[in-house]
Amino acid sequence: MNYFSLHKTSPKVSFREAVINGLAPDKGLYFPEEIKPLDQHFFDNIDTFSNEEIAFKAIEQFVGDEIPKDILKQLIAETINFDFPVIPIENNIGTLELFHGPTMAFKDVGARFMARCLGYFNKNNNQEVTVLVATSGDTGGAVANGFLDVPGVKVVILYPSKKVSDIQEKQLTTLGKNITALEVNGTFDDCQDMVKTAFLDADIQRKLTSANSINIARWLPQMFYFFFAYKQVYKTNKDSVFSVPSGNFGNICAGIMAQKLGLPIKHFIASTNSNKTVPNYLESGEYKPQPSVATISNAMDVGNPSNFIRIQELFNNNLEELKNAFSSYSFSDEQTKEAMKALYSNSNYIADPHGAVGYLGLKEFNLNNSYGIFLETAHPVKFLDVVEETLQTSLTIPEQIQEIMHKEKKSILISSYQELKDFLNK
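Quick caveat, the model's predicted, so the values are computed rather than measured. (Residues numbered from 1 in each chain as written. Predicted model: local features only at pLDDT ≥ 70, side-chain atom pairs only at ≥ 80, totals over all residues. Heavy atoms only, no water.)

Visitor: Would you take a moment to explain the pattern of salt bridges for this structure?
Guide: Side-chain pairs of opposite charge can arise where the charged atoms are in close proximity. Applying the stated criterion across every chain yields a total of 12 salt bridges. In this structure, the salt-bridge partner of Glu78 is Arg116, at a minimum N-O distance of 3.0 Å. In this pair, Glu78 is assigned in helix α4 (residues 69-79) and Arg116 in helix α5 (residues 107-121), connecting sequence segments 38 residues apart. Relative accessible area serves as the criterion here: at 30%, Glu78 is assigned to the partly exposed category. (Salt bridge = Lys/Arg side-chain N within 4 Å of Asp/Glu carboxyl O. Helix = DSSP H or I, 4+ residues; strand = E, 2+ residues; numbered from the N terminus. Buried < 20%, exposed > 50% of the residue type's maximum accessible area, 1.4 Å probe, protein only.)

Written out as structure tokens, the structure reads:
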């Protein structure tokens, strides 16, 4: 399988090269040259396959022969060795819980898969690789955990100062070893811009790759849990609508990839907070990125979502074709809190702010006879203050969170790209 740049001016590359490069030389995101739908028999009998078998079928064509099949199966088994349950909420609504991994966020899947791919590709390489990643919250912890102690790989995480939750910050600043956290005096967009600039800077001496969802090894494995959800509901709910809390749009883009492989998903909803670049685009037809706005669902505080260009490619850059299969709605912090209260009082379900935004997307959309699934992308304890204050209840702190609560934060404060460059060239 070859990958091309969506800016269309860089050479095509293999899966291995796309993973290691992260971003194409022309600054474009990599995209697979072809997408071959899976056999209908597979979908008709999906409950007879294990999650590992399903994930292998989903990703196999995109990896090709770059990783031997037996090793790829092993990497997948190590990546998804936790649960992905669909929990009933209302008669026609359920939630897909994606927080049962080691850092209690959906990004564990992509981060663990990418870490294992990069570890495999780098095992006989004497040149150290630096993974450079920007985070608006959960990416940093998942990447730090996934890459911890991977030989030949150093990880540098940029995060916006005072704009992630305390637990999120602890998860990315307390591991040490081959993980370094750079605390940026700015927004997530500033962090992301610094990362993109670094990739184009010929003066940086280290070999860089990205662990944001712009990297295909972070983005593509997010397809897995859409398959896992369908496996759980397809016998009773043929028409499924997925509402995905969306910030950088990698997660929902992976869901659309699963649909292009033949997964019977009726419609996608990109549910956003007050950062509403995409909802505005669907209304006006003009794509105008805006400066990011701080909200209580901070992992979605993205004003210029990197992966939306991939979604446009999947729909042939045709706005009307996109709108037939894809909706997007924006919700305020106040609406988010009211949804959290409603889920708690009506269904005895504690949702984090991002999941609540996903739930609101389903309520905004006319489900008719379809079954709506909203993605609960992080454990509510990761947003402890907001959840406890909103619901007037106390949460039990899971063991893996308790372990980091009293560890010492270690970060390096930076305010400019030059400071990042100086650090990378040390």
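Visitor: Would you take a moment to explain the nonpolar core for this structure?
Guide: Taken as a class, soluble globular proteins show a tendency for nonpolar side chains to be buried jointly. Core analysis: the biggest nonpolar cluster contains 123 residues, and Phe147, Met223, Phe227 and Phe326 have the highest contact counts within it. No other element matches the nine residues that α5 contributes to this core. Summarising the domain contributions, this core has at least three residues from each of domain 1 (85-104 + 218-391) and domain 2 (128-206 + 397-425). Sequence-distant contacts of Met223, defined by excluding residues within four places in its chain, comprise Ala58, Ile59, Phe62, Ala254, Met257, Ala258 and Leu261. Ranked by size, the runner-up nonpolar core spans 31 residues in total, among them Val241, Ile269, Ala356 and Leu384. (Core = buried A, V, L, I, M, F, W, Y, C linked by side-chain atoms within 4.5 Å. Domains from an automatic or database assignment. Contact = heavy atoms within 4.5 Å.)

Visitor: Would you mind showing me how to read the side chain of Thr209 here?
Guide: Locating Thr209 in the fold gives a position in strand β9 (residues 207-210). Here Val19 takes part through its backbone oxygen, which lies 2.7 Å from a polar atom of the side chain of Thr209. A distance of 2.8 Å separates the side chain of Thr209 from the backbone oxygen of Ile20, its partner in a polar contact. Not counting the four nearest positions on each side in its chain, Thr209 is found in contact with Val19, Ile20, Asn21, Gly22, Met114, Leu118, Val129, Thr130, Val131, Leu132, Phe199 and Asn215. (Polar contact = N/O pair within 3.5 Å; in protein donor to acceptor, adjacent residues only side chain to side chain.)

Visitor: Would you mind going over the UniProt feature "domain: Threonine synthase N-terminal" (unreviewed entry) in the protein chain with me for this structure?
Guide: Feature annotation in UniProt places "domain: Threonine synthase N-terminal" (unreviewed entry) on residues 2-79, given in this structure's numbering. For residues 2-79, the helix share is 46%, the strand share is 12%, and the end-to-end C-alpha distance is 24 Å. (UniProt positions renumbered as here; feature names shortened; annotations may be inferred.)

Visitor: What exactly am I supposed to notice about α5 here?
Guide: Residue pairs spaced three or four apart in an α-helix point in one direction, given the helix's 3.6 residues per turn. The end-to-end C-alpha distance of α5 is 21 Å, a good match for the 21 Å that 15 residues give at a rise of 1.5 Å each. For α5, the buried fraction is high: 13 of the 15 residues fall into the buried class. (Expected span 1.5 Å × (residues − 1).)

Visitor: Just to check I follow, could you spell out the environment of Phe199 for this structure?
Guide: Structurally, Phe199 can be placed in helix α8 (residues 188-199). Each C-alpha atom, one on Phe199 and one on Leu23, is 7.3 Å from the other, the two residues being 176 residues apart in sequence. Residues in contact with Phe199, not counting those within four places in the same chain, are Asn21, Leu23, Leu208, Thr209 and Ser210.

Visitor: Honestly, the side chain of Asp26 in this entry has me stumped. Any pointers?
Guide: The residue Asp26 is located in the loop between α1 (15-21) and β3 (30-32) in this model. Although buried, Asp26 forms no salt bridge, and the nearest oppositely charged side chain, Lys8, lies 9.4 Å from it. For Asp26, the side chain forms a polar contact with the side chain of Ser5, separated by 2.6 Å. In contact with Asp26, other than residues within four places in its own chain, are Ser5, His7, Lys8, Thr9 and Ser10. (Lys, Arg positive; Asp, Glu negative; His and termini not counted.)

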